[in-house]
Amino acid sequence: MKSAIVFLLLPLIGVCDELKNASSTSYEGIVFQNKDDLYGSSAQRPPTQSITLKPTIVSTTPVLEMQSNTTADRIAAAGASSDEGRNCNCVRVDQCPLIGMRIVTPEGSCSEKNHILCCFAPQKNPAPTCGIRPNITETNNALKPGQAPFGHHPWTVAILDAATNLYIGGGVLLNNLHILTAAHILNDTYKSNPEGLKVRLGEWDASVKHEPYRHLDFNVTEVIVHPDFNPKNLKGDLAVLTLEEVVALQRNPHIAAVCLPGGDANFVGQRCWVSGWGKNAFQGGSLQEIMKHVDVPVVASDECEKRLRDTKLSQYFQLDRRSFLCAGGEPEKDACTGDGGSPLVCESTERPGQFYLAGLVAWGIGCATPEVPGVYVNVAGHAEWISEITANFKGLAY
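Fair warning: this is a prediction, and the values are worked out from it, not measured in the lab.

Rules and cut-offs
Residues numbered from 1 in each chain as written. Predicted model: local features only at pLDDT ≥ 70, side-chain atom pairs only at ≥ 80, totals over all residues. Heavy atoms only, no water. Helix = DSSP H or I, 4+ residues; strand = E, 2+ residues; numbered from the N terminus. Polar contact = N/O pair within 3.5 Å; in protein donor to acceptor, adjacent residues only side chain to side chain. Buried < 20%, exposed > 50% of the residue type's maximum accessible area, 1.4 Å probe, protein only. Lys, Arg positive; Asp, Glu negative; His and termini not counted. Salt bridge = Lys/Arg side-chain N within 4 Å of Asp/Glu carboxyl O. Contact = heavy atoms within 4.5 Å. Pairing = 2+ DSSP bridges. Axes fitted to C-alpha atoms, helices over the stretch in contact; angles between N-to-C directions. Arc of directions from axis to C-beta.

1. Quick look at the side chain of serine 275
- Structurally, serine 275 is set in strand S9 (residues 271–276).
- A polar contact is formed between the side chain of serine 275 and the side chain of threonine 156, at a distance of 2.8 Å.

2. Some details on the side chain of aspartate 161
- Within the secondary structure, aspartate 161 sits in strand S3 (residues 156–161).
- Buried and without a salt bridge, aspartate 161 has lysine 198 as its closest oppositely charged side chain, separated by 8.3 Å.
- Separated by 2.9 Å, the side chain of aspartate 161 and the backbone nitrogen of alanine 163 make a polar contact.
- When neighbours within four sequence positions are excluded, aspartate 161 is seen to be in contact with Leu166, Ile168, Tyr190, Gly196 and Lys198.

3. Observations regarding the sheet that holds strand S10 (residues 292–299)
- Taken in spatial order, the six strands of this closed barrel run S9-S10-S11-S14-S13-S12, and their pairing is antiparallel. The average angle at which neighbouring strand axes cross in this sheet is 45 degrees, direction not considered.
- Judged from the six bridges that link them, S9 and S10 form a sheet pairing that is antiparallel. Residue pairing for S10: serine 275 is matched across the bridge by histidine 293.
- Seen against the sheet, helix H3 (residues 301–309) touches S10, strand S11 (324–328), strand S13 (355–363) and strand S14 (373–378) and runs at an angle of roughly 130 degrees to S14.

4. So, the sheet that holds S3
- The sheet built from six strands closes into a barrel, its strands ordered S3-S4-S5-S8-S7-S6 with antiparallel pairing. Between one strand axis and the next, the sheet turns through 40 degrees on average, direction left out of account.

5. Quick notes on helix H4 (residues 383–390)
- Residues of H4 that are buried: Ala383, Trp385, Ile386 and Thr390. Buried residues of H4, viewed axially, fall in a sector of 165 degrees; they line one side. Set apart from the buried face of H4 by more than 90 degrees, the exposed residues are Glu384 and Glu388.
- Each element contacted by the buried residues of H4 is listed here: strand S5 (178–181), strand S7 (216–225) and strand S8 (239–243).

Here it is, written out as structure tokens:
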């Protein structure tokens, strides 16, 4: 097995059977299946592989303090915050995220129709900062080359079929309620029926049931695909998933949101990290039980286009600069089959130790071919759209 990780996110092909655990206790496992090169590799697909994971842990959220309508009326009249420090805002009924967390007020409390006053208890501790790796050292002493330490990529998630646990692809946690992934990994059924999806956070080693912190599973209530998405050329290859419940970030140190870059962010020349459980080779490789990661250089668009024209794409290929960025091109270092939608993160040059989302694994020509970069969704090029979609719940933290 190569020491470097290799994975590429492409549409799922075929069907896999759900895992059945042999023990007396029933465990939910992720069902993995292979994907091919976007541009049609003729290589024979390896056999389906399944990996059994530890038990599903249903997420929990802190109980928010309820107030009477009289108190809510007083807060609404006073403004966005009460004198007791509660954070209250008038929102649509469906935008107060959790039942039991909302304050249903008389119609006069909020000026707009079908709006309620949604209040959240004050936090004793500051909200966690985005893009910060947790200080967790357990289980990291016996890592093999290329394996990521536990909690090293706390924003990387697995997107699964809710009914079968079929592995659909990777994604990244943007905040405590939203996941960003590549739109091409979701078929039309998932897009129109988001309840068919679930998201697993905090996963690391798929071969063990016991880790320092256990994974959390969340149902999905909404899928919003970028309006410019084109499945033929993968332009606008983004989708935002809204979780059914808020992620309790402060109570789960192995889970964290990544930072979203500004629209003018430029990562060219930086060495950035891609992570996931994908295969370690395009042909004959195997899915990884322990999350792997690899650092790859972000390549300038002009240089990337030039290198890709030297492949089977031909001299007429044109790289869509807004939709894509490129990274890699080094031997044995690349993204490869099995993790479409997984994050490429870059460390801030101004704030060392803080990581920003540069891209999502999209497509490539094979895996780890020298001088041939992998192609990622350009997140900065779509930052404004992402911010608009996720703005309703911005600032909520638990």
